[in-house]
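Structure at a glance
This is what each chain is made of:
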Amino acid sequence: MENQFENTIQKYSSMEDVKGILVTDNNGLCLGSKGAIKSNTAAYVSSLISRATEISLDSSKPAISIETDNSNFLISSENDITVALVKNKLNN
């Protein structure tokens, strides 16, 4: 199972514009991270997706996008695993 997380981290971290990736479980335990995202934020990421699920109007899985001046944070959850990506902000 650990290899699965490593493969997920490697897959997403090699994508263009991705500066960091964090994989966490539903309890906020960091299962792996790489790049410009701190592993000690795993509990916050897990909490955000949990709260989004609570306020969702239907049974679909929410996705969260947080935009800052320099980065975009994308958070989604599937099968008890939450993935957070930090991407370079695209300048138009």
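Each remark here, short or long, concerns the structure printed above.
Below you will find a few notes about this structure.

**Considerations on the layout of surface pockets**
Considered as a void within the structure, the second largest pocket measures approximately 170 Å³ in volume. Surrounding the second largest pocket, Asn 26, Ser 46, Ile 49, Ser 50, Thr 53, Asp 58, Ser 59, Ser 60, Lys 61, Pro 62 and Ser 77 form its lining. For the lining of the second largest pocket, the per-class residue count stands at two nonpolar, seven polar and two charged.

**With respect to the pattern of salt bridges**
Applying the stated rule across the entire model yields two salt bridges. A salt bridge links Glu 54 to Arg 51, with the shortest nitrogen-to-oxygen separation between them at 3.6 Å. In this pair, Glu 54 and Arg 51 both sit in helix α2 (residues 42–55), three residues apart, roughly one turn of the helix. Glu 54 gets classed as exposed once you look at its relative accessible area, which sits at 57%. Relative accessible area serves as the criterion here: at 46%, Arg 51 is assigned to the partly exposed category. Here Glu 67 and Lys 89 are joined by a salt bridge, their closest N and O atoms 2.8 Å apart. Placement of Glu 67 in strand β3 (residues 63–67) and of Lys 89 in the segment after β5 (81–88) is noted, with a sequence separation of 22 residues between them. Using a relative accessible area of 56% as the deciding quantity, one classes Glu 67 as exposed.

Criteria and cut-off values
Residues numbered from 1 in each chain as written. Predicted model: local features only at pLDDT ≥ 70, side-chain atom pairs only at ≥ 80, totals over all residues. Heavy atoms only, no water. 1 Å grid on protein atoms, 1.4 Å probe; cavity = no way out; pocket = protein on both sides within 12 Å on 5 of 7 lines; lining within 4 Å. Points joined across faces, edges and corners; volume = space filled by probe spheres on them. Nonpolar A, V, L, I, M, F, W, Y, C, P; charged D, E, K, R; others polar. Salt bridge = Lys/Arg side-chain N within 4 Å of Asp/Glu carboxyl O. Helix = DSSP H or I, 4+ residues; strand = E, 2+ residues; numbered from the N terminus. Buried < 20%, exposed > 50% of the residue type's maximum accessible area, 1.4 Å probe, protein only.

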